[in-house]
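Observations on the three-dimensional arrangement
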Amino acid sequence: MVSLTTPSVESDSTAFFEQLPECHRPEPVAGPVHGEAHRQRRQALARAVAARSNGRPAVILAFSGKEILRNRDNPYAFRFNSDFFYLTGFPEPDAWLVIRVDAHGAMTDRLYCLPRDPEREIWDGVRVGPEKAAARYFFDESFSVSEIDKDLPELLIDQPMLVAPWAESETVESRLTGWLRQCRAKARAGKKAPSELLSLGDLVAQQRLRKDEAEIQTMRQAAAMSAKAHCLAMQATQPGLAEHAIEAVLLNAFRGQGAESVAYGSIVASGPHSCILHHRAGHRILREGEMLLIDAGCELHGYASDITRSFPVSGRFSPEQRAVYDIVLAAQEASKAATKPGAAFTAPHEAAVAVLCKGLIELGLLPSKTVEEAIETESYKTYYMHRTGHWLGMDVHDVGDYSEPLAPGMVLTLEPGLYLRPSPELPEAFWNIGIRIEDDALVTEQGCELITRGVPVDPQAIEDLMAGRA
Ligand code: GLY
Ligand code: MN
Ligand code: MN
């Protein structure tokens, strides 16, 4: 076995931040963790498969994905398949993980990856290559992907169970079909193809739902980076700027701090756009007196962060904006209090809805007379039409069973909102107030911790930050 030291790369983005007067020096970014943590995940998966296979051997397959062309010969930035990366930490396209599991759940694993190619590497960068991949990423063996069509049919012969990413991509599907056909062609020689097929995604989702220490560390870093980007965006906001200019501040901060990407398209929604749930930053000019809603988060080493803040373009809330904001903030506090081990995933949503209904009734904005009636008739859905959260992890809307009770190590978002579109039922002063407050909650032994609170949520603190007082 190779050494278990975790390789890490440090980047120093100090120079970038020294140009930005209001920003603090960032923490150095730890490199992606790969090695022992990923091997342990593969071992845990092998044990879970053995528990399902009744003492019969199995093969597990995962695929990293292919580069996809954007136009002509110009590819989209490659983003690995989340399940593959969770199990391997290996970042290149065209790589396959193959795990053989014996009757007792012990595994041997191998990686098939792109071979070294001096000609291609001049254009695309250095590849790890099969000669180094096993030692560097803690596999038992590694081979060139050019060997896989020859090896896989042999590896699958007489293995009763195959765990693979079924129905996820046509590329994977056609390769799997080809390999299985070759196995079946050997039936007359007394050989058998796998007859029981399990979904890799379903099994890995159970593992990914509870984050391990390495994942939590990365998610905390991603959360801190996104919080800093939101602070900079708040400070940059003023009437006369366009939504895309605020998006540029966010993107500059994400990449400047070392995040690889956005976790999803940034939502920068001014005035009437604040009532469109997923409005992507456009060309609209921000105006005095309007709200700005920013829902944006970076992806770091494959892990998402997801933050929303809503604030007045001018830096001071109007009485109506403040009244609605206070209701949403109280709803988020209630959802936080409901986020604790043993609670149902729906508990934070139910807590938030009750507070939103109470606030809307007190403002006279709902036809219902009581909270119970508003919930029963769903009258609140005119102003609050989405759920209060989702699992968060490698994917912004992460995998995981929503019927699982909350447990330490799970991460979910808490994101209540109110969206007051123009309507004859509403006093005009409330028109186009769209407010969502979203933080990322790590479930702990005691309750939960909001890991995105590096950006303020208190309305006075937001006004102070925008006025340069913080
Ligand atoms: N950013 C998408 C969401 O909050 O679900
Ligand atoms: Mn979200
Ligand atoms: Mn969001």
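Predicted model only: the values in this text are computed from it and were never measured.

This part is about helix 8 (residues 200-209). Given 3.6 residues per helical turn, the α-helix brings residues three or four places apart onto the same face. Of all 10 residues that make up helix 8, 8 are buried, and the element is covered over most of its length. Along helix 8, the residues classified as buried are Leu200, Gly201, Leu203, Val204, Ala205, Gln207, Arg208 and Leu209. Packing partners of the buried residues in helix 8 comprise helix 2 (36-52), strand 1 (58-63), helix 3 (82-88), strand 7 (161-164) and strand 8 (196-199). Near the N-terminus of helix 8, the side chain that reaches the backbone nitrogen of Gly201, with its oxygen 3.3 Å away, is that of Ser199.

With that settled, consider the side chain of Glu121. Residue placement: Glu121 occurs in helix 4 (residues 118-124). Look past the residues within four positions of Glu121 in its chain and what remains in contact with it is Arg116, Val126 and Arg127.

Across the protein, the average pLDDT comes to 93, with 93% of residues at 70 or higher. Low pLDDT (under 50) marks residues 1-11, which in the prediction has 21 contacts with non-local residues, meaning those over four places away or in another chain.

We now examine the packing of aromatic side chains. Enumeration over the complete set of coordinates arrives at 9 aromatic pairs. Ring geometry for Phe345 against Tyr402: centres 4.6 Å apart, planes inclined by 75°, an arrangement best described as edge-to-face. Taken together, the positions of Phe345 in the loop between helix 11 (319-337) and helix 12 (347-362) and Tyr402 in the loop between helix 13 (371-377) and strand 15 (411-414) put the pair 57 residues apart, joining distant regions of the chain. A relative accessible area of 11% means that Phe345 is categorised as buried. The exposure class of Tyr402 is partly exposed, given its relative accessible area of 37%. An aromatic cluster is built from Phe63, Trp96 and Trp179, whose rings are joined through pairwise contacts. Here the guanidinium or amino end of Arg41 rests over the ring plane of Tyr86, the centre of that ring lying 4.6 Å away.

Parameters and conventions
Residues numbered from 1 in each chain as written. Chains lettered and ligands numbered in written order. Predicted model: local features only at pLDDT ≥ 70, side-chain atom pairs only at ≥ 80, totals over all residues. Heavy atoms only, no water. Buried < 20%, exposed > 50% of the residue type's maximum accessible area, 1.4 Å probe, protein only. Helix = DSSP H or I, 4+ residues; strand = E, 2+ residues; numbered from the N terminus. Contact = heavy atoms within 4.5 Å. Polar contact = N/O pair within 3.5 Å; in protein donor to acceptor, adjacent residues only side chain to side chain. pLDDT = per-residue confidence, 0-100. Phe/Tyr/Trp six-rings, centres within 6.5 Å; stacked < 30°, edge-to-face > 60°. Lys NZ or Arg CZ within 6 Å of the ring centre and 35° of its normal.

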